[in-house]
Amino acid sequence: MSYQPSNLSIRASSFGKFFDCAYSWEGEHLLGKRKPAGLRALLGTGVHAGTAAFDSARLANADISPDDAAGVFVDSLHHPEYDVDFSNDELKLAEAERIGLVLTSRYCTEIAPQFQYVAVEMRLEPLVIDCGGGTNITLTGTMDRARVAESDDGTIIPDVKTGTRVVTNGVANIKSRSAQTGTYQLMYEHTARERTAGAQIIGLGTTSKTPIAVSAVFDARRVLVGTDEAPGLIQLAADMFRAGLFPPNPQSYLCSKQYCSRWDSCIYHE
Ligand code: SF4
């Protein structure tokens, strides 16, 4: 089934997934094929809720302790706001709670103090991309799970990532992260009328060893806008939307029955 949009509103936080597997993205965001999340995704949601509560309160000069943030995590874990398939993962709830409590605590005590945040999950001004041929797409929404921070080099966008592969051998993994963080960099610049110095990945590993790491600052914006020699992802996305082309990517690390709602009908995976 193909879908040729002419004027679409797209959540900025989903744009990274569009570049990961556009066929999967089309299924989920244009054709409405959803599947219940697994427990590990719920664990990530809880950790994000706890850490965002901690950073938001500190930005507002309100009292909050790591224990309070842990309470927000536990509440989120036990009261999901979306369907969860608890059979979709080998992880058990008690272990998920243990992992999330460690990660939330370590984030609050070891990572947050390294940053001077100025915004948490900031609302972004819509950004219209003219694809040509009467097709527009508009990126909207908030900078989900990301922060804005001041650094010696200027304003940076630290993006908090949870998952089993976000930290490898003690290093925060930035592979395949530029599409999402570059989108946030561009949209922050559009919203605040201020250039960014780059992005960073804050990795909170949801494996039993709960590894955490912060990447070096990298320029994801360049990947979005391109260079004299190579078109940026914005241009490529515009061409794809205008043509109504959403190619599959069976090499994606999210290409699995567990993560992709199009798995059962997709003929492109092994
Ligand atoms: S099964 Fe794999 S290739 Fe097919 S849509 Fe999903 S992620 Fe893409």
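For clarity, every value in this text was computed on a predicted model and none was experimentally measured.

Draft legend 1. Spotlight on the nonpolar core. If you look at the biggest cluster of nonpolar residues, it comprises 41 residues, and the most contacted ones within it are Ile10, Phe15, Phe18, Ile137, Met143, Ile157 and Phe241. When contributions to this core are tallied by element, the ones reaching two or more residues are strand S1 (7–11), helix H1 (15–20), helix H2 (22–30), strand S3 (127–132), strand S4 (135–140), helix H6 (178–192), strand S9 (198–205) and helix H8 (233–243). In terms of residue count, the dominant contributor to this core is H8 (six residues). Once you skip the residues sitting within four places of it in the chain, Phe15 turns out to touch Ile10, Ile137, Leu139, Gln180, Thr183, Ile234, Ala237 and Phe241.

Draft legend 2. View of the environment of Leu101. Mapped onto the elements of the fold, Leu101 is located in helix H5 (residues 93–111). For Leu101, a relative accessible area of 32% corresponds to the partly exposed category. Spatially, the C-alpha atoms of Leu101 and Ser208 are 12 Å apart, while their sequence positions differ by 107 residues. The contacts of Leu101, once residues within four sequence positions are left out, are Ala70, Phe73 and Val74.

Draft legend 3. Local environment of the pairing of S3. Burial of S3 is one-sided: the residues Leu127, Ile129 and Cys131 facing one way are buried, the residues Val128, Asp130 and Gly132 facing the other way are not. Here five bridges tie S3 to S4, and the two strands are oriented antiparallel to one another. Paired with Gly132 across the two strands is Thr135, which belongs to S4. From the end of S3 to the start of S4, which pair antiparallel, there are two residues, and Gly133 there has a positive phi angle of about 65°.

Draft legend 4. Geometry of helix H4 (residues 66–78). The terminal C-alpha atoms of H4 lie 18 Å apart, and with 13 residues this matches the ideal 18 Å at 1.5 Å per residue to within 8%. When H4 is considered as a whole, its buried residues turn out to be Ala69, Ala70, Phe73, Ser76 and Leu77. Seen along its axis, H4 keeps its buried residues to an arc of 125°; they face one direction. Of the surrounding secondary structure, the elements contacted by the buried residues of H4 are helix H3 (39–59) and H5.

Criteria and thresholds
- Residues numbered from 1 in each chain as written.
- Predicted model: local features only at pLDDT ≥ 70, side-chain atom pairs only at ≥ 80, totals over all residues.
- Heavy atoms only, no water.
- Core = buried A, V, L, I, M, F, W, Y, C linked by side-chain atoms within 4.5 Å.
- Buried < 20%, exposed > 50% of the residue type's maximum accessible area, 1.4 Å probe, protein only.
- Helix = DSSP H or I, 4+ residues; strand = E, 2+ residues; numbered from the N terminus.
- Contact = heavy atoms within 4.5 Å.
- Pairing = 2+ DSSP bridges.
- Expected span 1.5 Å × (residues − 1).
- Arc of directions from axis to C-beta.

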